[in-house]
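If you want the building blocks of each chain, they are given just below.
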Amino acid sequence: MLLAAKAVILFIIFSPILEELPIAESKRMAEYYDPETYPKEWNYLQPGTIIDQYVVERELAHGGFSSVYLARQREDHVQVAIKEYLPRKLAHRTWNNKVVANDEESLRLFKCGRKLFLDEARVLAELKHPNIVEVVSFFNANSTVYMVMTYDYGITLDKLIKNKTLKIDAELLATIFNALLDGVELIHQYNLVHLDIKPANILIRPDHNPLLLDFGAVQSYPRNEERQRSKVMTKGFSPIEQCESKGALGPWTDIYAVGASIRSCLDRKAPIPADQRVKKDNLIPATKVHKKKFPEHFLQAIDWAMSIEPGNRPQSVQEFKQALQV
Ligand SMILES: Nc1ncnc2c1ncn2[C@@H]1O[C@H](COP(=O)(O)OP(=O)(O)OP(=O)(O)O)[C@@H](O)[C@H]1O
Ligand SMILES: [Mg+2]
């Protein structure tokens, strides 16, 4: 989900352009909102619900900050994936689908996150690549915002890894990560870093062509404003500069995450988190653990990408791809 929105909650960055707060309304709603008795069916938009020019078919996934639905365009029946901004710690849905802040304090944060969600949808709509999820439009409805994406059929890499019958060999990894890195390279050309690359955000389509999802954490680089640094990170896949608030973010940050994602395919589990590795590095190099099972240069490239120190990693996708030779 959009990390900028998450960052709002963590850092309480108030935007000066926030709308006037209808505080009376949020106070009134807070009296009614009781998580204990809240009807479960209000958590998600129900199948058949019409939003903008779409009909909701079913829920695809949900997290703490958003829900993703499979929907169909009413006119031409084309299926789309729609992501709804709904940070559950701050807001809830009411009987008429309107999203309302849980209380007066949450309202400010909710609105700030909603603006950032929309800003990021706008950035993503510009980014066109066969291995990057396509944002086709975005709209306001139900007092929240929605991002419309091309719906792609597939299974996320984290689920694929858990399927023990799937043979993970160098050829499969080459197909997946070569294409994925092409997409990551484009992101970097826009001076953006994804910051949440992990198997759960990589959708594998039936021909094994990957699609990078979830640009919730995307940030521009280089960036000086330390206060805007978000602390959201995924254990095992985020490097040390994302765990600590020092060290510049850059292509090397995503490169660590891609290296860790490849490593997790070999190990079939998430690597040791970077903040633990800093104290005592118990991560046995891939060159040792997977010796002879994969080409030596390929394993060396993974270990290089997973160097703890940002400066010791490949500094560009091109450099990393050359080392992987996939
Ligand atoms: N364009 C799409 N096509 C098909 N499925 C999608 C698409 N976008 C998202 N999904 C499905 O929805 C899931 C969640 O999407 P996404 O990763 O963007 O948000 P999220 O992880 O729920 O956000 P958060 O965890 O931060 O709340 C994906 O794992 C995938 O299964
Ligand atoms: Mg995700």
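Quick note: structure is the one above.
Residues numbered from 1 in each chain as written. Chains lettered and ligands numbered in written order. Predicted model: local features only at pLDDT ≥ 70, side-chain atom pairs only at ≥ 80, totals over all residues.

1. Points about the overall build of the protein
- Looking only at helices and strands, the protein features 11 helices and 13 strands.
- Residue burial in the protein is summarised as follows: out of 326 residues, 39% are buried. (Helix = DSSP H or I, 4+ residues; strand = E, 2+ residues; numbered from the N terminus. Buried ≥ 20, exposed ≤ 12 C-beta atoms within 10 Å, placed from the backbone.)

2. Notes on the environment of Val56
- Structurally, the position occupied by Val56 is in strand E2 (residues 54-62).
- It is 9.0 Å that separates the C-alpha atoms of Val56 and Gln73, two residues lying 17 residues apart in sequence.
- When near neighbours in sequence (up to four residues on either side) are disregarded, Val56 contacts Leu45, Pro47, Gly48, Thr49, Ile51, Tyr69 and Ala71. (Contact = placed C-beta atoms within 7 Å.)

3. Let's talk about helix H10 (residues 296-305)
- Buried within H10 are the following residues: Phe298, Leu299, Ala301, Ile302 and Ala305. Taken around the axis of H10, the buried residues stretch over an arc of 155 degrees, which confines them to a single face.
- Next to the buried residues of H10 lie helix H5 (170-189), helix H7 (251-267), helix H9 (286-289) and helix H11 (317-324). (Arc of directions from axis to C-beta.)

4. A closer look at the packing of H5 against H11
- H11 packs onto H5 with a crossing angle of 160 degrees between their chain directions and a minimal axis gap of 10 Å. Here H5 is positioned roughly antiparallel relative to H11, judged by the angle of their axes. Crossing geometry of H5 relative to H11 is assigned as left-handed. In this structure, H5 uses Leu181, Val184, Glu185 and His188 to contact H11, whose residues at the interface are Val317, Phe320 and Lys321. (Axes fitted to C-alpha atoms, helices over the stretch in contact; angles between N-to-C directions. Parallel < 35°, antiparallel > 145°, perpendicular 65-115°, else oblique. Left-handed = near helix turned anticlockwise from the far one by under 90°.)

5. A closer look at the packing of H5 against H7
- Axis separation between H5 and H7 bottoms out at 11 Å; the angle between their running directions is 165 degrees. When the interaxial angle is binned, H5 and H7 end up roughly antiparallel. As H5 runs across H7, the sense of the crossing is right-handed. Judged by residue contacts, Leu173, Phe177, Leu180, Leu181, Val184 and His188 of H5 engage Pro251, Asp254, Val258, Ile262 and Cys265 from H7.
- Taken together, the residues that form the contact of H5 with H7 break down as 9 nonpolar, 1 polar and 1 charged. (Nonpolar A, V, L, I, M, F, W, Y, C, P; charged D, E, K, R; others polar.)

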